[in-house]
Amino acid sequence: MKQNRSLFRRFLKVHFLFIFFPLLVLIFFTAFVPVSNEKEMNMLNLFYFTVLLFGFIIVAFVVSSWLFFLRLRKRLTRLQEVMSFSANNNSFPKSISVQTDRMDEIDQLGSSFNWMIQQLEYSRKREYEEELLRHRLIANLSHDLRTPLTILRGHITRLNKKSMSFEEQDSLAEMNHTITRVGDLMDDLLSYTLLTSGKHPFHPTSTNIVRLVRASVAEWYPAFEEKEIQLDVDLPTEKTFYWEADPKWMTRVLDNLFQNILRHAAEGKYTNIVVDVEKELIIVADRGLGMDNSSYEGGAGIGLSASNYMLKKMKLKADFTSNENGTRVAIGRVNLKLTQK
């Protein structure tokens with residue numbers, strides 16, 4: 001069983017000897033040692049002896065106190081250095097050595113610190129294992145659900161070839177739309193899982209933002225035209241700016257925004273895409289029912305989470321402003337205040 005010892009008690013024991021032991025020696029000397037010549041041992045010599053003795057006591061007390069607190073400071077500094085190193089390097093600190101036979105307060109603190117490290121390492125290992133299990137489960141679930149959805153779509157296609165009433169055709173069209181929506185949600189979920197697990201590599205580079213937005217708008221233009229959405233684009237022709245970003249990730253962020261407009265804000269029939277070179281902003285706005293609409297909340301959450309994750313990795317952020325008149329998204333640097341235009 002470990003025996004505990006107190007620094008305060010040890011300090012008192014050591015300094016008790018320095019203070020009271022010389023006094024006891026002086027009392028014993030004056031009481032029991034006979035004086036051979038009283039003329040030689042007069043009061044003045046006794047005073048000098050007493051002063052010298054008390055001077056020795058004071059010096060010994062100061063020296064012993066200094067050595068005691070110096071050793072105490074070294075132990076505390078060693079513990080502080082271990083904690084500071086872990087904080088500066090974003091890693092768990094290493095365990096510190098403690099005296100296990102007789103532990104004082106500092107050894108007890110070090111033992112508690114070592115126990116905390118062990119618990120943190122165990123929690124991190126368990127969290128990592130749970131994260132792998134969750135990613136594997138989502139990937140397998142997304143894969144397994146594709147087969148029944150494909151079968152359902154096949155039956156719908158077969159039924160469409162038969163003569164049916166308009167109500168039955170509308171029901172089949174709604175079923176087909178729902179299957180497509182579920183498939184898209186599964187794709188978003190799988191994409192987000194792979195993204196957060198590091199399966200999609202991140203390669204930041206100096207990216208021409210105006211050129212990237214122009215290419216993305218040109219790619220999505222036929223889809224907006226098919227939905228009869230008026231596309232109001234304001235892209236500079238001569239000026240531009242550069243972000244240290246992954247072009248593929250930025251394209252996926254824009255794809256997610258444009259896809260959400262087609263899915264949830266197409267009834268507004270209007271989309272505004274602006275690149276503000278002076279403020280270094282990408283602004284995408286629509287005239288849909290807003291993000292409070294149940295349809296938007298039900299289908300855009302996973303995609304927006306993936307977009308926010310990618311933007312955060314690229315040290316960017318998206319500011320959403322939404323009401324019943326539409327939704328506005330402004331993408332800019334993290335340290336930039338995204339004011340509404």
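As shown above, the structure is provided for reference.
In this text the structure is predicted, and so the values were computed from the model without any measurement.

Draft legend 1. Layout of the pairing of strand E7 (residues 281-286). Extensive coverage of E7 is indicated by the burial of six of its six residues. By the alternation rule, side chains of E7 split into Leu281, Ile283 and Ala285 and Ile282, Val284 and Asp286, which are all buried. Linking strand E6 (residues 270-276) to E7, which pair antiparallel, is a turn of four residues; within it Glu280 sits at a positive phi near 55°. Relative to strand E9 (residues 326-333), E7 runs antiparallel, the two being bridged by four bridges. Paired with Ile283 across the two strands is Ala330, which belongs to E9.

Draft legend 2. Looking closely at the nonpolar core. Val213, Trp243, Met250, Phe258, Ile282, Met314 and Ile331 are the most contacted members of the largest nonpolar core, which has 36 residues in total. Mapped onto this core, the elements with two or more residues apiece are helix H5 (209-226), strand E5 (242-245), helix H6 (247-264), E6, E7, helix H7 (294-313) and E9. Not counting chain neighbours up to four residues away, the residues in contact with Ile331 comprise Trp243, Val253, Leu257, Glu280, Leu281, Ile282, Leu311, Lys317 and Ala318.

Draft legend 3. Local environment of the side chain of Thr327. Mapping Thr327 onto the fold places it in strand E9. Of note is the side chain of Thr327, whose polar atom sits 3.0 Å from the side chain of Ser322. Other than its neighbours up to four places away in sequence, Thr327 contacts Val284, Ala285, Asp286, Gly290, Met291, Thr321 and Ser322.

Draft legend 4. A look at the pattern of salt bridges. Taken as a whole and assessed by the stated rule, the structure comprises two salt bridges. With its nearest N and O atoms 3.7 Å apart, the salt bridge here joins Lys239 to Glu278. Taken as a pair, Lys239 in the loop between strand E4 (230-234) and E5 and Glu278 in the loop between E6 and E7 lie far apart in primary sequence, 39 residues in all. Of the residues examined, Lys239 reaches a relative accessible area of 55% and is grouped as exposed. In this structure, Glu280 and Arg333 form a salt bridge, with 2.8 Å as the shortest nitrogen-oxygen distance. With Glu280 in the loop between E6 and E7 and Arg333 in strand E9, this pair connects stretches of sequence that are 53 residues apart. Under the relative-accessibility criterion, Glu280 is labelled partly exposed at 22%. Residue Arg333 is classed as partly exposed on the basis of its relative accessible area, which comes to 32%.

Rules and cut-offs
Residues numbered from 1 in each chain as written. Predicted model: local features only at pLDDT ≥ 70, side-chain atom pairs only at ≥ 80, totals over all residues. Heavy atoms only, no water. Buried < 20%, exposed > 50% of the residue type's maximum accessible area, 1.4 Å probe, protein only. Helix = DSSP H or I, 4+ residues; strand = E, 2+ residues; numbered from the N terminus. Pairing = 2+ DSSP bridges. Core = buried A, V, L, I, M, F, W, Y, C linked by side-chain atoms within 4.5 Å. Contact = heavy atoms within 4.5 Å. Polar contact = N/O pair within 3.5 Å; in protein donor to acceptor, adjacent residues only side chain to side chain. Salt bridge = Lys/Arg side-chain N within 4 Å of Asp/Glu carboxyl O.

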